[in-house]
Amino acid sequence: MLFFRSSRPGLLALSLGVSTLAAGPALAADMPPNIQLNGDAEAGELVANDRAKGNCVACHAMPGAESPGAIGPVLVAVQTRFPTKKALARQIWDATTKNPEAVMPPFGKHEILTNKEFVDVVEYIWSL
Amino acid sequence: MTKKTITLIAASLACTLSLPTALATPEQDKETFQAYFESRFPNVPEDDFVNGAYAIDPVGRENWEAIEEFPPYETAISKGEEMWETPFENGKTYKDCFPDGPAIAGKYPYWDRERGMVITLPLAINECREENKEKPLKYAKGPIADIVGYIAYESRGQVTNVEIPEDDPRALEAYERGKQFYFARRGQLNFSCAHCHMGNSGTTLRTEILSPAYGHTTHFPVYRSKWGAMGTLHRRFSGCNKQVRAKPFKPQGEEYRNLEFFFTYMNNGLELNGPGARK
């Protein structure tokens, strides 16, 4: 189980109603069920460390990443923490599916990453 | 304070703040809001929250104290004082609009029951200018930050004391809207104000320490090194909205005025210490 550190006030946002939750970009589809998770880990590492893209390092310490933030858990031994690559992908696609209070941005659902960037990042994080 | 206690308080905060209006009064919201930060940061004296991240970051504080020896907002204060003293073309001055001035920052924001809206200090300044046939100032930066900076400086030591009149339901509604704004997720990145500045305050985003929300309203306008200039509270609101990739609202529009009303109320009891210097 890997819940991103939740923010209690998030409960409030929920209680305020769905309309407030939908303030962001249009609600994109769920992760495509047939998504091919065969990205390029090296390219994913660049995305994970790019401020304008994945920017995973803003919140997560990762091996080799400089000046990481401390909001989310350290990304190591990932394969011991997710049963499948797909489960990890779902978490990165939209962490609020598993935990409505999750702070992590929904990288797939809100189209923060392109599909290629998304599968590349999944491949990289899965390799940690 | 054990972790369990903190969690309990945090949970009760979320519950209290999320109860229907009839049950959670602004006063109760404020108590839970402040108690949350007092238990999250048990080593910070209450009157030190006005110093933002520097209340919890000893290294940052050292740098900040060095900066405060020759404050970068000093020029703004002098310019603001000159604006205050210089008569308008019709011979009148700001003093004619604000007889108790310049130390009036503690009176804002307030609920104007006749107009049915929240009045902030920058709004009142521009209304004074327009009454005297002067052009209104832009709200985010520039001369507005100078004159508000001077007024803030003269008002140092006043205590935040926003009142929400109980006999006007519209005031409570404005407060509730501000509260909803504060806790609503927004933008492509899907963060609420509270996600960073309550739930994750004190942790680090890259190497930056997220400042506690308690104390945020006391020290504006600020000279921000990132801006290389002064900016108003609404400039900061707008910057935060852009950072989560949301479309910012208009400075002094209804959304930000209501947000300021709620947010300043949460800080009731804290001393005003503006203008400030921030990274």
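Predicted, not measured: the structure shown is a model, and the values here were computed from it. (Residues numbered from 1 in each chain as written. Chains lettered and ligands numbered in written order. Predicted model: local features only at pLDDT ≥ 70, side-chain atom pairs only at ≥ 80, totals over all residues. Heavy atoms only, no water.)

A. Focus on the overall build of chain A. Per the secondary structure count, chain A includes 5 helices and 0 strands. Going from the N terminus to the C terminus, chain A shows its helices and strands as α-α-α-α-α. Within chain A, the fraction of its 128 residues that count as buried is 50%. A separation threshold of at least 6 residues defines the contact pool for chain A, and within that pool the share at least 24 residues apart is 62%. Accessible surface for chain A amounts to roughly 6100 Å². Of this, 57% is attributable to carbon and sulfur atoms. (Helix = DSSP H or I, 4+ residues; strand = E, 2+ residues; numbered from the N terminus. Buried < 20%, exposed > 50% of the residue type's maximum accessible area, 1.4 Å probe, protein only. Contact = heavy atoms within 4.5 Å. Areas by Shrake-Rupley, 256 points an atom, 1.4 Å probe, with all protein chains shown as cover.)

B. How the structure looks around the UniProt feature "domain: Cytochrome c" (unreviewed entry) in chain B. The feature "domain: Cytochrome c" (unreviewed entry), as annotated in UniProt, sits at residues 79–158 of chain B in this numbering. Helix and strand shares over residues 79–158 of chain B are 42% and 8% respectively, and the end C-alpha atoms of the span are 22 Å apart. (UniProt positions renumbered as here; feature names shortened; annotations may be inferred.)

C. Looking closely at the UniProt feature "domain: Cytochrome c" (unreviewed entry) in chain A. Mapped onto the present numbering, the UniProt feature "domain: Cytochrome c" (unreviewed entry) falls on residues 39–128 of chain A. End-to-end, the C-alpha atoms of residues 39–128 of chain A are 14 Å apart, and along that stretch the chain is 33% helix and 0% strand.

D. Just helix α10 (residues 233–243) of chain B, in detail. Residues and elements named next belong to chain B. Buried within α10 we find L233, H234, R235, R236, F237, S238 and N241. The inward-facing, buried residues of α10 abut α8 (169–183), β5 (222–224), β6 (229–231) and α11 (254–266). Where α10 ends, the next residue or the one after it, R245, has phi of about 60 degrees, a positive value.

E. Looking closely at the sheet that holds strand β7 (residues 276–278) of chain B. All names here are of chain B. Spatially, the 3 strands line up as an open sheet ordered β6-β5-β7, and their pairing is mixed. Strands with a single pairing partner mark the edges of an open sheet, and in this sheet they are β6 and β7. With direction set aside, neighbouring strand axes in the sheet form an average angle of 35 degrees. In terms of strand pairing, β5 meets β6 through 3 bridges, oriented antiparallel. Looking at the pairing, R224 lines up with A229 of β6. (Pairing = 2+ DSSP bridges. Axes fitted to C-alpha atoms, helices over the stretch in contact; angles between N-to-C directions.)

F. Structural context of unusual backbone geometry. Going from G101(B) to P102(B), the amide bond is cis rather than trans, its omega being 5 degrees. With respect to the secondary-structure elements, P102(B) resides in the loop between α5 (94–97) and β1 (110–112). Between Y108(B) and the following residue, P109(B), the backbone shows a cis peptide bond with an omega angle of -10 degrees. One non-glycine residue with positive phi stands out, namely E111(A), at about 55 degrees. Considering the arrangement of structural elements, one finds E111(A) in the loop between α4 (85–93) and α5 (115–126). Despite not being glycine, R206(B) shows a phi value in the positive range, around 50 degrees.

G. Spotlight on a negative patch on the surface. A surface patch of like charges, here negative, comprises E38(B), E46(B), D47(B) and E271(B). Checked against the element boundaries, E38(B) lands in helix α2 (residues 26–40). (Patch = residues over 30% accessible without salt bridge, like charges linked within 9 Å, V, L, I, M, F, W, Y side chains within 5 Å. Salt bridge = Lys/Arg side-chain N within 4 Å of Asp/Glu carboxyl O. Lys, Arg positive; Asp, Glu negative; His and termini not counted. Charge placed at Lys NZ, Arg CZ, Asp CG, Glu CD.)

H. Representation of the state of the cysteines within the structure. Enumeration according to the criterion identifies 1 disulfide over all chains in this entry. We note that C59(A) lacks a disulfide partner, and the nearest cysteine sulfur, in C196(B), lies 7.7 Å from it. Lacking any disulfide linkage, C240(B) is separated from the closest cysteine sulfur, that of C193(B), by 6.7 Å. Relative accessible area serves as the criterion here: at 29%, C240(B) is assigned to the partly exposed category. (Disulfide = S-S within 2.5 Å.)

I. Geometry of the environment of V119(A). Residue and element names in this part refer to chain A. Relative to the assigned elements, V119 resides in helix α5. Its relative accessible area of 12% is what places V119 among the buried residues. Each C-alpha atom of the pair V119 and G44 lies 7.7 Å from the other, and the pair is 75 residues apart in sequence.

J. Region of the structure containing helix α4 (residues 74–85) of chain B. Residue and element names in this part refer to chain B. Here α4 spans 17 Å end to end across 12 residues, near enough to the 16 Å set by a 1.5 Å rise per residue. Taken together, the buried positions of α4 are occupied by A76, I77, G80, M83 and W84. Buried residues in α4, looked at end-on, bunch into an arc of 120 degrees, giving them a common side. Exposed residues pointing more than 90 degrees away from the buried face of α4 are listed as T75 and E82. In this structure, the buried residues of α4 make contact with α5, α6 (121–131), α7 (143–154) and β6. (Expected span 1.5 Å × (residues − 1). Arc of directions from axis to C-beta.)

K. Examining the packing of α2(B) against α11(B) more closely. All names here are of chain B. Closest axis-to-axis distance for the α2/α11 pair is 9 Å, and the angle between their directions is 60 degrees. By the criterion of interaxial angle, the relationship of α2 to α11 is oblique. Counting all contacts with α2, which are made through P26, E27, D29, K30, F33 and Q34, the residues of α11 involved are F263, Y265 and M266. (Parallel < 35°, antiparallel > 145°, perpendicular 65-115°, else oblique.)

L. The arrangement of the pattern of salt bridges in detail. Residue and element names in this part refer to chain B. Per the stated rule, a full pass over the model turns up 17 salt bridges over all chains. With its nearest N and O atoms 3.9 Å apart, the salt bridge here joins R177 to E254. Residue R177 is found in helix α8, and its partner E254 is found in helix α11; the two are separated by 77 residues along the sequence. R177 gets classed as partly exposed once you look at its relative accessible area, which sits at 46%. Salt-bridge contacts for K279 lead to E208; the nearest nitrogen and oxygen are separated by 3.3 Å. Here the residue K279 occupies a position in the segment after β7, and E208 occupies one in strand β4 (residues 208–209), the gap between them amounting to 71 residues. Taking the relative accessible area as the measure of exposure, K279 reaches 55% and is therefore exposed. Among the charged side chains, a salt-bridge network with shared partners connects E27, K30 and E31.

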